[in-house]
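# Residue-level structural notes
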Amino acid sequence: MTKKSVYSLIAILIVLGIYGYEHFLKVEEKVEIVAEGEEVKQNTNEYFLPTSTTGQIVHHEGYSLSYSEPHEQAEWVAYELKKFHLSNTNFKRPYFEVDKAVKTGAADWRNYKNSGYDRGHLCPAGDRSYSKFVYEETFLTSNISPQDHAFNSGIWNTLEQKIRYWASKYDGVFVVTGGVLKGNMKTIGSERVAVPNQFYKVLIDNNSGKTKMIAFLMPHENSNKPLYEFVVSVDSIEKLTGIDFFPQLDDTLENTLEASSSYKDWSFN
DNA sequence: CTGCGTAAC
DNA sequence: GTTACGCAG
């Protein structure tokens, strides 16, 4: 077989793949869209939602969020990352859109333009690549926060990848993430989108038998330190943000797990 | 993977 | 406004 015919074969396979996607998987999207506006929630997607300090919780298919209008961004974004969500699909990045589900009006993406800051995903696009619909849904302005590029593509990206590793290893984790919207913060754009000085992620694994948690608090700057140096207790993030993370848990269990800053149950290898 | 900016239509 | 492409950490 010549090199040329190999390329041709690959091209044909790709075309067939796209055809199959357009004609079969899209049916699934329509079903999801219908279900979106209703109280249809599966699995634990709602069970582990934190409290909202702003009173505005918005549910999307692939994640839920609590929007803070004064800061023009979410105070938290929460979603479950299951093993089967992980895929190697490579969807084209769409443009960001204003989230119309936010009643007070989500930030316009133009606030970020030439601001010097990334439109940093809170629910990463890489965590919602199991369908085109949920992938594109992460490109809503309610799901982003201004992030320094070196931070976003550096230590923050490393943490996101570690979470995918854990999701695979433990068959799923529930993730809550956001910027700490407190204190003096810079703002960008005409809508004055706040630039958090710290970002956090709180994880709970309720799939491996024994419930376990881990929390990370990172200064908004890149770092070469190992990830475990950013581990803190869930309690400390609750104190910083005013958010109650897992009120659905049995109180005794919640108190014990949230007080701990141990990471012995989480593999960093 | 995480993103940006520029050019052309 | 939308699309395509190259580039960087």
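We now turn to the structure provided with this report. (Residues numbered from 1 in each chain as written. Chains lettered and ligands numbered in written order. Predicted model: local features only at pLDDT ≥ 70, side-chain atom pairs only at ≥ 80, totals over all residues. Heavy atoms only, no water.)

## Examining the overall build of chain A
Definition in use: Helix and strand labels come from DSSP, where a helix needs a run of H or I of at least four residues and a strand needs a run of E of at least two; each type is numbered from the N terminus. Two residues form a contact once any of their heavy atoms are found within 4.5 Å. Throughout, the Shrake-Rupley method with a 1.4 Å probe supplies accessible areas, and for residues the shown protein chains are the sole cover considered.
Counting its regular elements, chain A contains 6 helices and 11 strands. Of the contacts formed within chain A by residues at least 6 apart in sequence, a portion of 69% connects residues at least 24 apart. Counting every atom, chain A has about 13800 Å² of accessible surface; 53% of that belongs to carbon and sulfur.

## Some remarks on helix α6 (residues 251–259)
Helical periodicity: at 3.6 residues per turn, an α-helix aligns residues three or four positions apart in one direction. Heads up, the condition is: Burial status follows relative accessibility: with a 1.4 Å probe on protein chains alone, a residue under 20% of its type maximum counts as buried, one over 50% as exposed, and anything between as partly exposed. Here the arc refers to the directions that run from the helix axis out to each C-beta atom. N or O atoms within 3.5 Å of each other form a polar contact, as long as, within protein, one can give a hydrogen and the other can take it, and as long as residues adjacent in sequence are counted only when both atoms are side-chain atoms.
All buried positions along α6 are accounted for by Glu254, Leu257 and Glu258. On an axial view of α6, the arc spanned by its buried residues comes to 95°, and they lie on one face. The outward face of α6, more than 90 degrees from its buried face, is lined by the exposed residues Thr252, Asn255 and Thr256. Buried positions along α6 lie against β10 (212–219) and α5 (234–241). The residue sitting at the N-terminus of α6 and contributing the capping side-chain oxygen is Asp250; that oxygen lies 3.2 Å from the backbone nitrogen of Thr252.

## Concerning the protein's contact with DNA strand C
Short version of the rule: Throughout this document, a residue counts as near a molecule or strand when at least one of its heavy atoms sits within 4 Å of that molecule or strand.
Neighbouring DNA strand C are the residues Lys92, Tyr95, Arg110, His149, Ser153 and Asn157. Considering DNA strand C, the proportion of its atoms within 4 Å of the protein that are sugar or phosphate atoms stands at 17%. Contacts to DNA strand C include Lys92, whose side-chain N or O atom sits 2.9 Å from a phosphate oxygen. Interatomic distance of 3.0 Å between a side-chain N/O atom of Tyr95 and a base oxygen of DNA strand C.

## With respect to the nonpolar core
How we decide: Nine residue types can take part in a nonpolar core, namely buried Ala, Val, Leu, Ile, Met, Phe, Trp, Tyr and Cys, and a core is a set of them joined through side-chain atoms within 4.5 Å.
One finds Val77, Ile163, Trp166, Val173, Phe216 and Met218 to be the most contacted residues of the largest nonpolar core, which totals 44 residues. When residues of this core are traced back to their parent elements, those giving at least two are β2 (64–68), β3 (73–81), α4 (155–169), β6 (173–179), β8 (193–195), β9 (198–205) and β10. With 6 residues, α4 is the single largest residue contributor to this core. In terms of nonpolar packing, the next biggest core, distinct from the first, is built from 20 residues, Phe174, Val176, Met213 and Leu249 among them.

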